[in-house]
Amino acid sequence: MTFLLLTLGLVVAANPCRVAGTRPDRRPRDAVLVAAVASVVGAAAFAGLSGPFFGAIDITGSSARIAAGIAVAAMGTKDMFTAPPDPTPALAGRWAGLLPIAFPAILTPAVALLVMAGAADRGVVPAVTAAGIAIGLALVGLLTIPERIRRGGQAVVGIAAVGLGALTTLDGVYAI
Amino acid sequence: MPPLVRRLLHALGGWVLIFGLTAIVVHPEGCRVPSTAELDRTASRAVEWFGENIDDAGDFTYRYDRDRAVDEGGYSDTRHAGVMWSLWQAERAGFAGAGDIAEQAFSRIERLLVDTALGPAFGPGSEVPTGAIGLLVAALDERRAATGSTEHDELLRGLGETLAAVVNRDGSVSASINVASGAHFGRSPFFTGEILWALSRLHLTFPDAGFDEPAQRIRFYLVNDRDRVEEHWPPVSDHWGAYAFETMDRWPDPPAISAAEQEWLDRQLGLFGLQARYESQRQGGITRLTRGPIALAAGVGTLGEGLGNHLLWLDRNGLRTDDLGDLTARADCAVALLVDRQITPEQAVSDREPSRTMGAWFRLGDTQMDDQQHALSALLLLREYRAIGSSETTS
């Protein structure tokens, strides 16, 4: 799996238009800061646990990419046909960055599996770097994407996720 | 329930759903690293099966139904020659007695040798398969290496000339020869690699006989054109091609690896790896529904052969070092499946004909002699790789 495929996959898995739906009405920048820290820590934890996790369930790195690709495509399909999430219910104030922004909007199962598969293939640092880029874009999207284009944008990114999920799956299929 | 908790539970439900979906597609892979002692024990039992299942005329039990205790008949001369190759490979690897069984199997060859307009060939009937000649060459050449005997050199050269004659101008290989007319025709997904390997071996043994030129022609065709021209999709998982690449790498003047060959190698390694991973997911229970029954041991054996041969020549040249770990893991995995699936003496004792089952591999109650053949070769190749490499496992 190339770093580019990993990064693009994470960007569409952490669909910025979907994440934008969780933008709090008040003091969103404070929440974004919390979300950034929580999401990067979460992604780093997934990356760090990749080896033990796949080892425990007897999955090779190549097959992990198949699983991650399927998860990304499944999330993309969901994003194509559902509305962006609401900002509420949420934790109060800046802690909205934890719930619902970091979880469940950014740290989806697709992001988790793709970060773990990326770490298994390319190492923890590249996987966390790619996740950091995707998280950054998602949070920039949260602050900047206007409401009127969120639903359409989420669907378009969802289509891209289906395509990139398929490519990730094929990458795992053709790998040793 | 508070809305926030409901949201949390809803999200967790999504995680369970997605992980459940992926678990249907990707199952745990029951892979392990078999010990060298296990390889030796399993290979010995396979050799023993051949010794117990050859008759005075040199024919092996071809197919046997364990549940009904019935010899199901049938025969394949290509597979007969393949078994001879594996037995000589075992003899050379130190499994005493394997060569004697192969010598006994030569009785069938002597009985079925024919002169065609192209040269000597082997097989009953008016048309003979070229793949059988290719594997016979490999077997006799391995015998030469194992015993030092040059007794069959004339036959080897003659068979080589026959093989060179069925290589077409574009490098494709005819699958059959008409004994009377010498006309050659047809294609086979496996014979191309078999004959490439046979000619490659002959060039090592007889370097001045010109067997390298047709071999190079086949190699170019196999890599660049075979799958497209012969409409193979997915591409042929070519363990015989792997044997050929390993052998050609030992030529005094080994061919350089072209860009097209690098791509072909990528595809081949991916095919072997994918199949090993897939097969290792067949662990009974629910996987019988999602993955179906286990593959033929012959099929699993070819994965070990393909991986083993590519490991040998890639490692020897320090190539694909980033992939060697994964390749070794897949080879270990395929061979471990064979070790675990072979019928042991303890399992065979309750069979009606234990000598027909001990040391064999069964799928859906049946075994065929090529199950034992490909499995044996895969075991021996991994053993050889461990002996020369740093991946020795002695526990």
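Residues numbered from 1 in each chain as written. Chains lettered and ligands numbered in written order. Predicted model: local features only at pLDDT ≥ 70, side-chain atom pairs only at ≥ 80, totals over all residues. Heavy atoms only, no water.

*Asks:* It is not clear to me how the interface of chain B and chain A should be interpreted in this structure. Could you clarify?
*Replies:* The extent of an interface is frequently quoted as the accessible surface area lost upon association of the parts. Listed by partner, the interface residues are 28 residues for chain B and 36 residues for chain A. When the area that chain B buries against chain A is broken down by residue, the three leading residues are L4(B), R7(B) and W15(B), summing to 28%. Applying the counting criterion to the chain B and chain A interface returns 0 salt bridges. Summed over the shared surface of chain B and chain A, the result is 12 residue pairs in polar contact (both at pLDDT 80 or more). Listed by contribution, the elements that provide at least two residues to the side of chain B that touches chain A are α1 (3–25), α11 (259–280) and α14 (321–341) of chain B. For the side of chain B that touches chain A, the element with the highest residue contribution is α1(B), accounting for 13 residues. Here the residues of the side of chain B that touches chain A sort into 15 nonpolar, 7 polar and 6 charged. (Contact = heavy atoms within 4.5 Å. Buried area = accessible area lost by both parts, 1.4 Å probe. Salt bridge = Lys/Arg side-chain N within 4 Å of Asp/Glu carboxyl O. Polar contact = N/O pair within 3.5 Å; in protein donor to acceptor, adjacent residues only side chain to side chain. Helix = DSSP H or I, 4+ residues; strand = E, 2+ residues; numbered from the N terminus. Nonpolar A, V, L, I, M, F, W, Y, C, P; charged D, E, K, R; others polar.)

*Asks:* When you look at the pattern of salt bridges in this model, what are you seeing that I'm missing?
*Replies:* A side chain with one charge can pair with a side chain of the opposite charge if their charged atoms come near. This structure, assessed with the given rule, holds 34 salt bridges over all chains. Across the salt bridge formed by D79(A) and R18(A), the nearest N and O atoms sit 2.6 Å from each other. Of the two residues, D79(A) is situated in helix α4 (residues 61–81) and R18(A) in helix α2 (residues 16–20); the sequence distance between them amounts to 61 residues. The exposure class assigned to R18(A) is buried, which follows from its relative accessible area of 4%. Of the charged contacts in the structure, one is a salt bridge between D171(A) and R65(A), with a shortest N-O distance of 2.6 Å. Of this pair, D171(A) sits in helix α8 (residues 150–174) while R65(A) sits in helix α4, placing them 106 residues apart in sequence. Residue R65(A) is classed as buried on the basis of its relative accessible area, which comes to 5%. It is possible to trace a salt-bridge network through shared partners that takes in D59(B), D77(B), R108(B) and R111(B). (Buried < 20%, exposed > 50% of the residue type's maximum accessible area, 1.4 Å probe, protein only.)

*Asks:* What should I look at first to understand the state of the cysteines in this one?
*Replies:* What makes a disulfide is a covalent bond joining the sulfur atoms belonging to two cysteines. All names here are of chain B. Inspection of every chain in the model, using the stated rule, returns 1 disulfide over all chains. Disulfide pairing places C31 opposite C333 at an S-S distance of 2.0 Å. Looking down the S-S bond of the C31 and C333 bridge, the torsion is -55 degrees, so its handedness is left-handed. Taken together, the residues span a long stretch of sequence, with C31 in the loop between α1 and α2 (36–52) and C333 in helix α14 at a distance of 302 residues. (Disulfide = S-S within 2.5 Å.)

*Asks:* Would you mind going over the sheet that holds strand β1 (residues 63–65) of chain B with me for this structure?
*Replies:* Through backbone hydrogen bonds, the strands of a sheet pair up, either in parallel or in antiparallel fashion. Residues and elements named next belong to chain B. Spatially, β2-β1-β8 is the arrangement adopted by the 3 strands of the open sheet, whose pairing is antiparallel. Edge positions in the sheet fall to β2 (70–71) and β8 (366–368), since each of these pairs with one other strand and no more. Where β1 and β2 come together, 2 bridges link them in antiparallel fashion. By the bridge assignment for β2, Y64 is matched with D71. (Pairing = 2+ DSSP bridges.)

*Asks:* Can you walk me through unusual backbone geometry in this structure?
*Replies:* Peptide bonds are trans in most cases, and residues, glycine excluded, mostly fall at negative phi. Across the junction of L99(A) and P100(A), the peptide omega takes the value 25 degrees, indicating a cis bond. The linkage connecting F103(A) with the following residue, P104(A), adopts the cis geometry, with an omega of 15 degrees. In this structure, E231(B) is a non-glycine residue whose phi angle is positive, near 55 degrees. With respect to the secondary-structure elements, E231(B) resides in the loop between α9 (226–229) and α10 (239–248).

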